[in-house]
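What follows is the residue order along each chain.
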Amino acid sequence: MFLLKGLIVLFRLEKTGQRRGCVWCRCCLSESSTWRCPWSMAAKWSGGHSSSVLCLTVSTEGLVASGAERGELALWDGGGSPVAQLRLPQAEDVTSVVFSSRRPSTLYTSHGESISVLDVRSLQEPLQRFHVNEEEINCLSVNDTDSFLAAADDSGAIKVVDLESKKVSRSLRHSNICSSVAFRPQRPQSLVSCGLDMQVMLWNLQKVRPMWSTNLQECEMDEESLQSAGQFFNPPLAHSLSVASCGNIFGCGAQDGKVRLFRVTGARFERELEFQAHSLGVSQVLFMPEGYSLLSGGNDGKVLLWDVSSNVGKQQKSPAKSLHRRKAHAAACSRKDGKLNKAASNEHPGVVPKLSIEHGEKVNWLSCAEIKGSRRVLVADQSSSVSAYPLPEP
C-alpha cells in the first residue's frame, strides 16, 4: 500500500511539474530494502547570500563555508543558519573555498585572480593575500600537510604556492582553461588536474612536466562517434575532479555527461571505469570521505550517488597484471587499418545510481557534511540558497 501511494505521488508530481527537490532511489522500489526514500523536499539554507552560490566546502569540525557572486562569503552552522558573512575586496565572484586540513580555522578563498586567507573564528579582513594567477581562478586545493596550495585558472595555469615561504614553487600548465585541480590524499607532492583541453594530468611537484596525461577524446573518435551529433556537440571537456581517500582512484566529470574513473599506478594512471551519468554535462564529481561512493552533479539538474566499489575497490594483485591491463588499454586506443580499434572498452552502460536527486537546477558545486549524526549532500546552484539532502547510510 505504501509503495502504491508513493508511485501515485510521484506520478502527480511529474504531471504537475512539482517534483523539484524530490529524492528517490532504486531501493525504495524494492520491498527487500531496509532503507526508504524520505520523499521530502530539500532543506533550504537561506539568508547567507543575495547572489548565486558558486562553491562550498566543509571543515573537519563540520563548519560549512560557501562562496557566491559579487564577493559574498558565508559560514553556516549544522542547522543551516548563517553564522558569519563577509564581502571580499572588489566584489569579485568567490569561485572556490577550501579549509586547511591541519588548521580547520583557516579558510582559503579564491576571488578573481586573488587568493585570500581567512580566520573563520573572526571573519574579517583577510590575514593574507596571494596574487599569483594571471586570470580568474576556478579551483583551489590544499595538500594533507598544509604545505602547498594549488590554484587553477582560466589561462590553463596551475600555480602551486609554498605556504611556508609564501612563494610560488611550481607553475604547471594546460593548453586551455584548467577547471579543476586536486592533491592526492597521503601524497603531499602529487596532484591531478583536468581542463577544457580535454586533458587529465598527473603531476609531481618535483617536476615541471606532467608525469602522465590522457586526452579524454582519444578513445571516443571512432567512426560511429564521429557520426554522432551528440558527441560532436558535447566533446569531453573536463570540468571536475575528485580523488578517493585511498589516493589511488580519482574521478573526472565531463561535458559529454560521462564520469570516468582512473587508477594511479606508480608514475602513470589508467582508465578503470567509464559510464554515462547525466544527460547533459557533468559539472561536479565528489568522492565521499570513506570508500568508493561517488556523488555527481550535472547541468541536467540531477545529483546522483554511485557505488563504484565493485568496479574499482579491488587493488591490482601484481605489477604484471597491471602492465597487461595498460597494454590492453593502449591496444584499444590504437589505430587499426586507419580506424580506431573499439574492441576493448571500459564503458559500463549498466552502471546505475544508488540514489537519484531531482534537484531541478544546474549544479554549481557539491559537498558532503555530517549533520546531527546523518550524512547530507550540500548543493549549490544558480540560486542564493544552499540545498541539503539526506543520504542513505552506507
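Residues numbered from 1 in each chain as written. Predicted model: local features only at pLDDT ≥ 70, side-chain atom pairs only at ≥ 80, totals over all residues. Heavy atoms only, no water.

S.K.: Even after reading the chapter, I still don't get the overall build of the protein, so can you show me in this structure?
M.R.: Each helix and strand counted, the protein has 5 helices and 31 strands in total. When each of the 394 residues of the protein is scored for burial, the buried share is 53%. Expressed as a percentage of contacts within the protein between residues at least 6 apart in sequence, the contacts between residues at least 24 apart total 47%. (Helix = DSSP H or I, 4+ residues; strand = E, 2+ residues; numbered from the N terminus. Buried < 20%, exposed > 50% of the residue type's maximum accessible area, 1.4 Å probe, protein only. Contact = heavy atoms within 4.5 Å.)

S.K.: Would you mind showing me how to read the nonpolar core here?
M.R.: In a soluble, globular protein the nonpolar side chains are often hidden away together inside. Trp45, Leu107 and Leu378 are the most contacted members of the largest nonpolar core, which totals 27 residues. Of all the secondary-structure elements, those providing two or more residues to this core are β3 (53-58), β4 (64-68), β5 (72-76), β6 (82-87), β7 (94-99), β29 (365-371), β30 (374-380) and β31 (386-390). Ranked by residue count, the leading element in this core is β5, at 4 residues. For leucine 378, the contacting residues outside a window of four places in its chain are Trp45, Leu56, Val58, Val64, Trp365, Leu366, Ser367, Ala369, Val386, Ser387 and Ala388. Counting residues in each nonpolar core, the second largest holds 18 residues, with Ala244, Cys246, Ile249 and Tyr292 among its members. (Core = buried A, V, L, I, M, F, W, Y, C linked by side-chain atoms within 4.5 Å.)

S.K.: Would you take a moment to explain the confidence of the model for the protein for this structure?
M.R.: Regions with low pLDDT carry predicted coordinates that are not meant to be interpreted in detail. Confidence in the prediction of the protein, expressed as mean pLDDT, is 83, and 76% of residues score 70 or more. Low confidence marks residues 1-37, where pLDDT is under 50. Its contacts with residues over four positions away, or in another chain, come to 57 contacts. (pLDDT = per-residue confidence, 0-100.)

S.K.: I tried to follow the environment of valine 264 on my own but got confused; where do I start?
M.R.: On the secondary structure map, valine 264 appears in strand β21 (residues 258-265). Along the backbone, valine 264 and isoleucine 249 are 15 residues apart, and their C-alpha atoms lie at a distance of 6.4 Å. Apart from residues no more than four positions distant in its own chain, valine 264 is found in contact with Arg184, Leu202, Asn248, Phe250 and Phe269.

S.K.: When you look at the sheet that holds β5 in this model, what are you seeing that I'm missing?
M.R.: Sheets are built from strands paired through backbone hydrogen bonds, the pairs being either parallel or antiparallel. The sheet built from 4 strands is open, its strands ordered β3-β4-β5-β6 with antiparallel pairing. Among the strands making up the open sheet, the edge pair consists of β3 and β6. When strand polarity is set aside, the average angle formed by the axes of neighbouring strands in this sheet is 20°. As judged from the 5 bridges shared by β5 and β6, these two strands associate in the antiparallel manner. (Pairing = 2+ DSSP bridges. Axes fitted to C-alpha atoms, helices over the stretch in contact; angles between N-to-C directions.)

S.K.: How should the pattern of salt bridges be read in this particular structure?
M.R.: Two side chains that carry opposite charge are able to pair once their charged atoms sit near each other. A full pass over the atoms with the stated rule returns 10 salt bridges. For glutamate 72, the salt bridge is made with arginine 87, and the minimal N-O distance between the two is 3.5 Å. Here glutamate 72, found in strand β5, pairs with arginine 87, found in strand β6; they are 15 residues apart in sequence, far enough to count as distant. Judged by its relative accessible area of 49%, arginine 87 is partly exposed. Via salt bridges that share partners, Asp256, Lys258, Arg260, Arg271 and Glu274 belong to a single interconnected network. (Salt bridge = Lys/Arg side-chain N within 4 Å of Asp/Glu carboxyl O.)

S.K.: Explain the packing of aromatic side chains to me, please; I cannot follow it from the model alone.
M.R.: When we look at a pair of aromatic rings, we describe it by the centre distance and by the angle of the planes. Using the criterion set out here, one finds 5 aromatic pairs in the structure. For the pair phenylalanine 262 and phenylalanine 269, a centre-to-centre distance of 5.3 Å together with 80° between the ring planes defines the contact as edge-to-face. Pairwise contacts between aromatic rings join Phe250, Phe262 and Phe269 into one cluster. (Phe/Tyr/Trp six-rings, centres within 6.5 Å; stacked < 30°, edge-to-face > 60°.)

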